[in-house]
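# Remarks on the overall topology
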Amino acid sequence: MSQRTLTRTKSAAALALTAGLLLAPVPAIAAAAPTPVVAIAATDHSLHLTGAPNARDLGGYTTTDGKTVRSGLVLRSDALNALTADDLAKLVQLNVKTVEDLRSSFEISRAQDKLPAGATWVNRDVAGSNPANAIAMLNLAEFYKVMPTDAGASAAFKAALLDIKNSPDTVLYHCTSGKDRTGWLSAVLLTILGVPRETVNADYMLSNEYVDPNSGGLGSLGSISGPNPVEQAWLDNAFAAADQKYGSFDNYVSQGLGLTSQDIADLKAKLLS
């Protein structure tokens, strides 16, 4: 085991010990049948940020009714602690005025964001309201079942979605690697907008092109994700968990996230053309 992996493993263990928590069993949730992944068209979604290689524009995708997700309004990313001066200048040019940080206070204390001039930082901690979730992140296949079913996680995702709806400027949201919490939020938003599941899957799987597996294959909080940073089965787990608890994705949005039909209409009016 490398020194870097050993250090990160100890950090995750220390967090669990400090919180004084034991990981409770996650309720058994039947995984959904794998859904197809299609190749995304030649559109380059990457923001090409040196210090955040998984930073991407969520725009450019086509919905089932032929509309297009507007570019330049919603950005997804990994952590912003390593941004260069050029990176920050690019985010200023992109009019990023709100940064939604989905990480825990523990993660933030280790790597604080660098913000583009004029941007407001907001913490929407997906795991922090239930510290046991931080331990669940050590097994990402299980953590994906937690994200759609935990009340605190749903509150964080709802707040981020409402900020996207209400902000007159560009919103960037991120976690640590920009693939798990960010990946689920992106999948939820694109699905709400009417983007077909195959395209949602393809956007999710793009993290395998931008996250370096040789960096230790580490997930959000020191979890080992294997040879690839993300797996399609994990996203399938999340959609299956939402369906099992709420009966359908639409019910998850209305009951789990608490978004109203007007919220949905407003998101579509803002983000679709």
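Heads up: these notes are all about the structure in this document.

Rules and cut-offs
Once a new chain begins, its residue numbering starts again from 1 and follows that chain's sequence as written. In keeping with the model being predicted, local features are shown solely for residues with a pLDDT of at least 70 and side-chain atom pairs are shown and tallied solely at 80 or more, while totals for entire chains, interfaces and linings include all residues. Just so you know, side-chain values use all the structure's heavy atoms and leave hydrogens and water out. Secondary structure counts use DSSP, requiring at least four H or I residues in a row for a helix and at least two E residues in a row for a strand, with both numbered from the N terminus. Only protein chains enter the calculation, and the probe is 1.4 Å; a residue is then buried if its accessible area is under 20% of its type maximum, exposed if over 50%, and partly exposed in between. For the area figures, the Shrake-Rupley method with a 1.4 Å probe applies, and any residue is considered shielded solely by the protein chains shown. A pairing counts as a salt bridge when a side-chain nitrogen of Lys or Arg comes within 4 Å of a carboxyl oxygen of Asp or Glu. Contacts between residues were defined by any pair of non-hydrogen atoms, one from each residue, lying within 4.5 Å. Two strands pair under a simple rule: DSSP has to find at least two bridges between them. Handedness is read with the strands pointing away from the viewer; a crossover is right-handed when the path from the first strand over the helix to the second is clockwise. Nonpolar core, defined: a set of buried Ala, Val, Leu, Ile, Met, Phe, Trp, Tyr and Cys residues in which side-chain atoms within 4.5 Å join the residues together. Any two rings among Phe, Tyr and Trp, with Trp reduced to its six-membered ring, count as a pair given centres within 6.5 Å; such a pair is stacked if its planes are under 30 degrees apart, edge-to-face if over 60, and tilted if neither. The rule for a charge over a ring is simple: NZ of Lys or CZ of Arg within 6 Å of the ring centre, and within 35 degrees of the ring normal.

### Regarding the overall build of the protein chain
Across its full length, the protein chain holds twelve helices and five strands. The buried share of the protein chain, reckoned over its 273 residues, is 52%. For the protein chain, the accessible area works out to roughly 11500 Å², and carbon and sulfur atoms hold 55% of it.

### With respect to the pattern of salt bridges
Within this structure, the stated rule accounts for eleven salt bridges. With its nearest N and O atoms 2.8 Å apart, the salt bridge here joins R103 to D101. For the pair R103 and D101, one class covers both residues: buried. Measuring nitrogen to oxygen at the nearest pair gives 2.7 Å for the salt bridge that ties D180 to K179. Note on D180: relative accessible area 0%, which makes it buried.

### Concerning the environment of D263
Positionally, D263 belongs in helix α12 (residues 261-271). Looking at D263, the relative accessible area reads 9%, which means it is buried. For the pair D263 and L162, spaced 101 residues apart in the sequence, the C-alpha separation amounts to 7.6 Å. When near neighbours in sequence (up to four residues on either side) are disregarded, D263 contacts L162, K165 and G258.

### A word on the environment of P229
Turning to its location among the elements, P229 is positioned in the loop between α9 (207-210) and α10 (232-246). Judged by relative accessible area, P229 falls into the buried class, the value being 2%. Each C-alpha atom, one on P229 and one on K179, is 7.6 Å from the other, the two residues being 50 residues apart in sequence.

### Points about the pairing of strand β4 (residues 120-123)
For strand β3 (residues 96-101) and β4, the ladder comprises four bridges, and the chain directions are parallel. By the bridge assignment, V99 is partnered in β4 with W121. Taking the sense of rotation as the criterion, the β-α-β connection linking β3, helix α3 (residues 105-110) and β4 turns out right-handed.

### Details of the nonpolar core
Ranked by internal contacts, the top residues of the largest apolar core, which has 48 residues, are F157, W184, L189, I192 and Y252. Contributions of two or more residues to this core are made by α5 (140-146), α6 (151-166), β5 (170-174), α7 (181-193), α8 (197-205), α10, α11 (249-256) and α12. The biggest single contributor to this core is α7, with eight residues. Excluding its chain neighbours within four sequence positions, the residues that come into contact with F157 are L102, V126, M147, R181, W184, L185, Y252 and L257.

### Describing α8
All buried positions along α8 are accounted for by T199, V200, N201, A202, D203 and Y204. Contact partners of the buried residues in α8: β1 (56-57), β2 (74-77), α5, α7, α9 and α10.

### A closer look at the pairing of β3
Counting buried positions along β3 yields five of six residues, so the element is predominantly enclosed. Taken together, the five bridges between β3 and β5 define a ladder with parallel strand orientation. Within the sheet, the bridge partner assigned to V99 lies in β5 and is L172.

### So, the packing of aromatic side chains
Under the definition given, this model contains seven aromatic pairs. Geometrically, the ring pair formed by Y144 and Y204 is edge-to-face, given 6.1 Å between the ring centres and 85° between the ring planes. Separated by 60 residues along the polypeptide, Y144 in helix α5 and Y204 in helix α8 bring together distant segments of the chain. Assigned by exposure class, Y144 and Y204 land together as buried. Pairing W184 with Y252 gives two aromatic rings, centres 5.9 Å apart and planes at 45°, and the pair type is tilted. You can see W184 sitting in helix α7 and its partner Y252 sitting in helix α11, a full 68 residues away along the chain. Cation over ring: R197 sits above F239, and NZ or CZ is 3.5 Å from the ring centre.

Note that all results are geometric; they support no functional claim without further evidence.
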